[in-house]
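# Coordinate analysis (summary)
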Amino acid sequence: MTMAEMGALKRRRTLLEHEWARVVPQLRSAGRGSAGGPPVRAEVTESWARSLPTVDPGLESAPPAAGGGTAGWPRSPLYRPVTDLTDELVSIAEDAGFVAAVTDEAGTILWTCGGRVMRRRAERVNFAPGGRWDEGAMGTNALSLALRNGHPSTVFSAEHLVAALHGWVCYCAPIHGPDGRVLGVLDLSTTWDRSHPLALPTVRTLATAIEARLRDRAEAGQAPPGVELRCLGPARVSRAGARLHLPPRQVEILALLALEPGGFTPERLRASLYGDRPVTASTFKAEVSHLRRALDGAVATRTYALTAPVVCDAVEVLAALDRGDTGTAVERYRGPLLPLSEAPGVVAWREHLEVVVREAVLAAARPEYALRYGERAPYDTEVHEHALRLLGPGDVRRGIAVSRIGASRH
């Protein structure tokens, strides 16, 4: 080691010692009223000691995961069990003023829900899909402790390493797979003044419910998804990972059945496919029968409806918008619904999806949503102008927005 390197190392050590001396009193007083309170918990001080050499306490928000970090959510083993509990999670988060989140095993947030006000506060620190909350990225926080230690954890106010999180309290429980491996964590977070003694037992109970569903699916041999339909942009149907080749008309039927789980009367489905075109009843019934055989009988006969789960990207976009998760909706929205289809029912759903996604982008305060959506809407000047307004003066992405505005006006 050169003399210059030794000097730099010494200066770094001195800075860390000063930072440690400054923050320990904050830890001791956080939520306890004075610096003479109980000793700081060992897991918190140990985490601070690990984090300070590499994590800046002055960070304003969590860094994004490479590639956005959310593309694998539908394929995550946690996707289906969490989806089963979505209504309960949304109800708890909105009623109690929390933001709920699920991460993968590396600490990247895959999914969130909560009321609009709390979600927007959380988004300021990138407590949102794609944000990295592992200890190496954000230092001491409840998510990183639960992942590292494998047990439920709470981090209150200034126990967080990063000062931008001192207004928060977080309650986390790890989610274990049937083999005991930690697959991610479930988190309930809110402002410190809303802390509640029942929050940690609640997050434990919810994590246990997710684990029970994981075991049930493993025992039933349902862990891999059955049929997956991609109908936004180029269409693709697969089953157990293998391509399922269906004619365009049957893909249209499958998309409509996935989007409307309540099902169709034969007359309504026929009208949704053909409109006023003179198509015989036998032709229509043959298309439905071929799809039923391709899906091993998973289409009901009297009221046409799916009788087995189908993972559909269009349905995921609508579900994300319902819970206010614009980031996931934009990530899933890869293009118009079956863009070559002229079926009236498909056209109606296509127009609806385009409108609701665009409105969510224009209502959001995050420029990355408008930039991502703008990739697929090159002539939408309003979206590009919205992105430009949200980008700071020194943001290098302003050039992208400006060039898109110019192109859209020619």
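Residues numbered from 1 in each chain as written. Predicted model: local features only at pLDDT ≥ 70, side-chain atom pairs only at ≥ 80, totals over all residues. Heavy atoms only, no water.

Applying the stated criterion to the full structure yields 19 salt bridges. Residue glutamate 43 is joined to arginine 41 by a salt bridge in which the shortest nitrogen-to-oxygen separation is 2.9 Å. Counted as one network, the salt bridges with shared partners bring together Arg41, Glu43 and Glu159. (Salt bridge = Lys/Arg side-chain N within 4 Å of Asp/Glu carboxyl O.)

With that settled, consider helix 8 (residues 199-219). One full turn of an α-helix is made of 3.6 residues, so residues set three or four places apart face in the same direction. The terminal C-alpha atoms of helix 8 lie 31 Å apart, and with 21 residues this matches the ideal 30 Å at 1.5 Å per residue to within 8%. Every buried residue of helix 8 is listed here: Ala199, Leu200, Val203, Leu206, Ala207, Ile210, Glu211, Leu214 and Arg217. Down the axis of helix 8, the buried set is contained in an arc of 140°. They therefore lie on one face. Turned more than 90 degrees away from the buried face of helix 8, the exposed residues are Thr205 and Glu219. Packed against the buried residues of helix 8 are helix 3 (79-84), helix 4 (86-96), strand 3 (153-156), strand 4 (168-176) and strand 5 (182-191). (Helix = DSSP H or I, 4+ residues; strand = E, 2+ residues; numbered from the N terminus. Expected span 1.5 Å × (residues − 1). Buried < 20%, exposed > 50% of the residue type's maximum accessible area, 1.4 Å probe, protein only. Arc of directions from axis to C-beta. Contact = heavy atoms within 4.5 Å.)

Okay, the confidence of the model for the chain next. Confidence in the prediction of the chain, expressed as mean pLDDT, is 86, and 88% of residues score 70 or more. Throughout residues 27-36 the model reports pLDDT below 50, and contacts reaching past four residues in sequence, or to other chains, amount to 19 contacts. (pLDDT = per-residue confidence, 0-100.)

This part is about unusual backbone geometry. Even without being glycine, serine 157 reaches a positive phi, approximately 45°. Structurally, serine 157 can be placed in the loop between strand 3 and strand 4. Phi at leucine 338 is positive, roughly 35°, even though this residue is not glycine. Mapping leucine 338 onto the fold places it in the loop between helix 13 (326-332) and helix 14 (344-363). Taking relative accessible area as the criterion, leucine 338 reaches 8% and is therefore assigned buried.

This part covers the sheet that holds strand 5. One open sheet holds the five strands; their spatial order is 2-1-5-4-3, and the pairing between them is antiparallel. Each of the sheet's edge strands pairs with one partner strand only, and the pair in question is strand 2 (109-114) and strand 3. Pairs of neighbouring strands in the sheet enclose a mean axial angle of 20°, with direction left out of account. Two elements, strand 1 (residues 99-103) and strand 5, share four bridges in a ladder whose sense is antiparallel. Residue valine 102 lies in a different strand from strand 5, and its bridge partner there is leucine 186. Helix 4 contacts strand 1, strand 2 and strand 5 of the sheet and is inclined by roughly 60° relative to strand 2. On the sheet, helix 8 packs against strand 3, strand 4 and strand 5 and is oriented at approximately 25° with respect to strand 4. (Pairing = 2+ DSSP bridges. Axes fitted to C-alpha atoms, helices over the stretch in contact; angles between N-to-C directions.)

Note that glutamate 331 resides in helix 13. Judged by relative accessible area, which is 14%, glutamate 331 ranks as buried. Separated by 42 residues in sequence, glutamate 331 and tyrosine 373 place their C-alpha atoms 8.5 Å apart. Among the polar contacts listed, one links the side chain of glutamate 331 to the side chain of arginine 372, at a separation of 3.1 Å. (Polar contact = N/O pair within 3.5 Å; in protein donor to acceptor, adjacent residues only side chain to side chain.)

So, on to helix 14. In this model helix 14 runs 29 Å from its N-terminal to its C-terminal C-alpha over 20 residues, within 8% of the 28 Å that 1.5 Å per residue would give. For helix 14, the full list of buried residues reads Gly345, Val346, Trp349, Arg350, Leu353, Val357, Ala360 and Val361. Relative to the axis of helix 14, the buried residues are bounded by an arc of 130° and lie together on one face. Residues of helix 14 that are buried sit in contact with helix 9 (248-259), helix 10 (266-274), helix 12 (313-322), helix 13, helix 15 (367-376) and helix 16 (381-390).

What follows concerns the packing of helix 14 against helix 15. With their axes 9 Å apart at the nearest point, helix 14 and helix 15 run at an angle of 145° to one another. Along its contact with helix 14, which presents Glu354, Val357, Arg358 and Val361, the element helix 15 presents Tyr369, Ala370 and Tyr373.

In this section: the side chain of serine 51. Looking at where serine 51 falls in the secondary structure, it is placed in helix 2 (residues 42-51). Those residues in contact with serine 51 that sit more than four places away from it in its chain are Glu135, Gly139, Thr140 and Leu161.

Moving on, we get to the nonpolar core. Leu229, Leu254, Leu269, Leu295 and Leu337 are the most contacted members of the largest nonpolar core, which totals 58 residues. A per-element tally of this core places helix 9 first, with eight residues. Ignoring sequence-local partners within four residues, the contact set of leucine 295 consists of Val227, Arg239, Leu244, Leu254 and Leu306. (Core = buried A, V, L, I, M, F, W, Y, C linked by side-chain atoms within 4.5 Å.)

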